[in-house]
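Report on the structure
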Amino acid sequence: MKKILLPLLLFATGCATQNSLQEVTSTENLVEFRTQITPQFLQQHLEVIAHDSLEGRATGSDKIEVAANYIADFYSDLGFTPMGDSDTYFQSYRLNAEYTDSLVYETFQINGADTLKHSHSVESSESTGDFIRMFGGSVPQEGDVVFAGFGVNDNERGVQHLAGEEIQGNWVMIFEEIPYVVEGDTLINPDITSNSRLRNILVEMDAAGILLISDYSQSEFQKVAEMSSESMGEPSNISLAYLEQNGQSGFPKGFLQISPEMAVTYLGLSSTDELDEKKQNLVQEITEFTPYKTDFYLEYTPYDGPGHMDAENVIAYFEGADPDLKDEAVVLMAHYDHVGIGAPDESGDGLYNGADDNGSGTTALMAIANALNEAKSQGYQPKRSILFLHVSGEENGLLGSRYYSDHPVIPIENTVTNFNADMIGRSDPENIQKGDTDYVYLIGGEIISSELDSLVQSANNLTVNMRLDRKYNDLQDSNQFYRRSDHWNFGRFGVPFVFFFTGVHEDYHRPSDTIDKINFEKLSRVSQLIYTSTIKVANYDGRPVVDNQQFIEITRLQSR
């Protein structure tokens, strides 16, 4: 009799354990805790992350350490497991950087067979120059100055501002503002962004550099130049030390802002008023213009010295409940750095708070963690584990996420999905104009994994029912958003991802990206969608697989 009862008892115990696990990991019950993600919670923490006292959270600065400590303390209070170095929440990494002593600009005028020195200026801590280095320029560059109007080719609209003149190896002088729509007429395709223009000129057309003509007056330019002078000695051309080759760091091509007076000289004009008139005439005759070489040649010489600094990612771990699946993880990610202090806007403000970019994503992860913690306190946990990854160095070239993906605390093969939240607290002008702001852009998902896309759609239908906009979800999209934020450092290893994003707005990378512009109701809804999507993936019986052959081929071709 005893021999018969013992197996029955074990079977009954096993059923009870399985039923208990099903109750603990119930998707239906876990999803209910999304209501813990509130506008009030998000605002409370964003007021700290985007506060003036953090001075824009530039990677490597003292102030970003304040943000890192605040985030780490939050996870410590929740009791989440630290997954950084030496049982801390911090994963540290070394960065190489250039520390600039001075930048020398020499202009020569070409008059037939004669070349005459026209001007010499130096940008240093003690002087301002005729140019301001915006970024890049890690090595000397020289070349003819070619005026290229607005610096775009739009074949569909007959705009050819980069055709018919030699661009390679020369400086390309262009007006900063691209006139997309004038008096109701679309002159240039809005998909041709400032970033894609820059990439086209410097990378694809291999120019020596860009000379940007802004709308600043000469006095306004001088104020910015003085601020730039004061920042001499701050790190630039930041790169990951372990990836350095041959000791060269930074982007070699120069991206400079040219003073209005020097632009007048290069164009053979007599005043800045004529410069304004030239710009307006160029708008009116935008399809008639072709680039031309000016009479000037520019030599740029940076006097930079090598150095280094340390940065850190913040990593916290929430363990899953299923003994067979808890070693697998969904990675939730947001970058917590921003661009620090820089060129002032028209109000004179030079502090870049980065409330949306990316205080919004940072606080979204904190809110999701808080909801999970509340669920756990009520006896509910997802099957798989959740890793909360706050990376730095995004604004310097996705450096923190690159470091993590090469030094993961959860093996890449055990990383089921990556969800990246970056700029999710606002709406872009296009959707505001349409009066339809209850949306979120999804990038990734269906162009990588149809299963993952279905899980996110299911999460949306189950909860917030936002409009899932796929405008940028195209491997051929000119913006290339699918590989321009931190998620790409998982995608390059074949990890399926979704990038949650609400679009670029007029305050992007400007001091005006402040907390008063955040739509906290929308931020809470997007955060709830990410939370529910996380639960769906963490409890999914299988694993979302990469099933788009085009994406597979792209990742094979990209360097790792």
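Just above sits the structure.
Values in this document were obtained by computation on a predicted structure and should not be read as measured data. (Residues numbered from 1 in each chain as written. Predicted model: local features only at pLDDT ≥ 70, side-chain atom pairs only at ≥ 80, totals over all residues. Heavy atoms only, no water.)

**Points about the overall build of the protein chain**
Formally: Labels follow the DSSP assignment, with helices taken as runs of H or I lasting at least four residues and strands as runs of E lasting at least two, numbered in each case from the N terminus. We take the radius of gyration over the C-alpha atoms and set the globule estimate at 2.2 Å times the residue count to the 0.38 power. Throughout, exposure labels follow a simple rule: accessible area from a 1.4 Å probe, protein chains only, divided by the maximum for the residue type, with under 20% read as buried, over 50% as exposed, and the rest as partly exposed. We call two residues in contact when some of their heavy atoms are within 4.5 Å. The Shrake-Rupley method, run with a 1.4 Å probe sphere, supplies the accessible areas, and residue values consider only the shown protein chains as cover. Under the convention used here, Asp and Glu are negative, Lys and Arg are positive, and both His and the chain ends fall outside the count. In plain terms, the charge of a residue is placed at NZ if it is Lys, CZ if Arg, CG if Asp and CD if Glu.
Across its full length, the protein chain carries 15 helices and 20 strands. Its C-alpha radius of gyration of 26 Å places the protein chain within 12% of the 24 Å reference for a compact globule of 560 residues. With respect to the principal axes defined by its C-alpha atoms, the protein chain has extents near 110 × 50 × 45 Å. Counting every position in the protein chain, which comprises 560 residues, the buried fraction comes to 54%. Nonlocal contacts in the protein chain, meaning residues at least 24 apart in sequence, comprise 83% of its contacts between residues at least 6 apart. As displayed, the protein chain offers around 23800 Å² of accessible surface, 46% of which is attributable to carbon and sulfur atoms. Averaging the coordinates of the 37 positive side-chain charges in the protein chain and doing the same for the 86 negative ones gives two points 9 Å apart.

**Regarding the pattern of salt bridges**
Quick note on the threshold: Salt bridge, as used here: a side-chain nitrogen of Lys or Arg that lies within 4 Å of a carboxyl oxygen of Asp or Glu.
Overall, the coordinates contain 24 salt bridges when judged by the stated rule. With its nearest N and O atoms 3.3 Å apart, the salt bridge here joins Asp144 to Lys293. You can see Asp144 sitting in strand β5 (residues 141–147) and its partner Lys293 sitting in strand β14 (residues 292–318), a full 149 residues away along the chain. In this structure Lys293 comes out as partly exposed when scored by relative accessible area, which is 38%. Across the pair Asp507 and Arg426 runs a salt bridge whose closest N-O atoms are separated by 2.8 Å. Here the residue Asp507 occupies a position in the loop between β20 (497–501) and α14 (520–538), and Arg426 occupies one in the loop between β17 (415–421) and α11 (429–434), the gap between them amounting to 81 residues.

**Here we look at helix α9 (residues 355–377)**
Residue pairs three or four apart in sequence face the same way in an α-helix, which turns once every 3.6 residues. Where we set the bar: Take the residue count of a helix, subtract one, and multiply by 1.5 Å to get its expected span.
Helix length check: α9, at 23 residues, gives a terminal C-alpha distance of 31 Å against a target of 33 Å (1.5 Å per residue), a fit within 8%. Here α9 lies mainly inside the structure; 19 of its 23 residues are buried. One or two steps after α9, the chain reaches Gly379, where phi turns positive at roughly 95°.

**Section: the packing of helix α4 (residues 62–78) against α9**
Using the following cut-off: Inter-axis angles, ranging from 0 to 180 degrees, are taken between N-to-C directions of lines fitted to C-alpha atoms, where helices are fitted over the stretch in contact. Under this scheme an angle from 65 to 115 degrees is roughly perpendicular, one under 35 degrees roughly parallel, and one over 145 degrees roughly antiparallel; angles in between are oblique.
Running from N to C, α4 and α9 point in directions that differ by 5°, and their axes come no closer than 10 Å. Considering the angle they form, α4 stands roughly parallel to α9. Of the residues in α9, those touching α4 at Tyr70, Ile71, Phe74, Tyr75 and Leu78 are Thr362, Leu365, Met366, Ala369, Asn370 and Asn373.

**What to know about the nonpolar core**
Here is the rule we go by: The definition of a nonpolar core used throughout is a set of buried Ala, Val, Leu, Ile, Met, Phe, Trp, Tyr and Cys residues joined through side-chain atoms within 4.5 Å.
With 66 residues, the main nonpolar core has Tyr75, Leu332, Phe388, Phe419, Phe500, Ile530 and Tyr531 as its most contacted residues. Ignoring anything within four residues of it in the chain, the contact list for Phe419 reads Val330, Val331, Leu332, Met333, Leu452, Val456, Val498, Phe500, Ile530, Ser533, Thr534 and Val537. Ile192, Met262, Val283 and Phe296 belong to the second-largest nonpolar core, a separate cluster that totals 34 residues.

**So, the pairing of β17**
Rule in force here: Whether two strands pair comes down to DSSP finding at least two bridges between them.
Of all the 7 residues making up β17, 7 are buried; the element is thus mostly covered by neighbouring parts of the structure. In the sheet, β17 pairs with β20 via 4 bridges, with the strands oriented parallel. Looking across to β20, one finds that Ala421 is bridged to Phe500.

**A closer look at unusual backbone geometry**
In this model, Asp357 is joined to Asn358 through a cis peptide bond whose omega is 0°. As for its position among the elements, Asn358 is in helix α9. One non-glycine residue, Arg57, adopts positive backbone phi at about 50°. Tracing the sequence through the fold places Arg57 in the loop between α3 (39–49) and α4. The backbone of Asp87 shows a phi angle near 60°, a positive value even though the residue is not glycine.

**Brief notes about the side chain of Ser102**
Mapped onto the fold, Ser102 is located in strand β2 (residues 90–111). A relative accessible area of 9% places Ser102 in the buried class. Excluding residues that lie within four positions of it along the chain, Ser102 makes contacts with Val122, Glu123, Ser124, Thr301, Pro302 and Tyr303.

**A word on the packing of aromatic side chains**
Convention followed: Centres within 6.5 Å are what make two rings of Phe, Tyr or Trp a pair, Trp counting through its six-membered ring; a difference in plane orientation under 30 degrees is then read as stacked, over 60 as edge-to-face, and the rest as tilted.
On inspection of all chains with the given rule, the structure shows 32 aromatic pairs. Where Tyr75 meets Phe80, the ring centres are 5.8 Å apart and the plane angle is 40°; that geometry is what we call tilted. For the pair Tyr75 and Phe80, a shared accessibility class is recorded, and that class is buried. With a centroid separation of 5.9 Å and an interplanar angle of 85°, the aromatic rings of Phe147 and Phe175 are classed as edge-to-face.

**Observations regarding the packing of α3 against α14**
If you want to describe how two helices pack, look at the angle between their axes and the distance between the axes. Test applied: Under this grouping Gly is polar, as are all residues other than the nonpolar Ala, Val, Leu, Ile, Met, Phe, Trp, Tyr, Cys and Pro and the charged Asp, Glu, Lys and Arg.
Close contact between α3 and α14 brings their axes to 8 Å; oriented N to C, the two are set at 105°. By the angle between their axes, α3 is roughly perpendicular relative to α14. Between α3, through Pro39, Leu42, Gln43 and Leu46, and α14, the contact on the second element is made entirely by Phe520, Glu521, Leu523, Ser524 and Ser527. Each residue belonging to the contact of α3 with α14 can be placed in one class, and the counts come to 5 nonpolar, 3 polar and 1 charged.

**Quick notes on the environment of Ala321**
Summarising the element assignment, Ala321 is placed in the loop between β14 and β15 (329–335). Placed 212 residues apart in sequence, Ala321 and Gln109 show a C-alpha to C-alpha distance of 72 Å. If sequence neighbours within four positions are ignored, Ala321 has contacts with Leu21, Val24, Thr25, Gln381, Pro382 and Lys383.

**Examining a nonpolar patch on the surface**
The cut-off we apply is this: Each patch is built from residues that are more than 30% exposed by relative accessible area and take part in no salt bridge. Like charges join if they lie within 9 Å; nonpolar side chains (Val, Leu, Ile, Met, Phe, Trp, Tyr) join within 5 Å.
A contiguous nonpolar surface patch, about 340 Å² in accessible area, is contributed by Met134, Phe135, Val203 and Phe251. The topology assignment puts Val203 in helix α5 (residues 194–204). Overall, the relative accessible area of 51% leaves Val203 in the exposed class.

**Looking at the side chain of Lys522**
If you trace the backbone, Lys522 turns up in helix α14. An unpaired buried charge is present at Lys522: no salt bridge exists, and Asp438, the closest side chain of opposite charge, is 6.7 Å distant.

**Regarding the environment of Glu230**
Relative to the helices and strands, Glu230 resides in helix α6 (residues 218–230). Judged by relative accessible area, Glu230 falls into the exposed class, the value being 65%. Considering only alpha carbons, one finds Glu230 and Leu275, 45 residues apart in sequence, at a separation of 28 Å.

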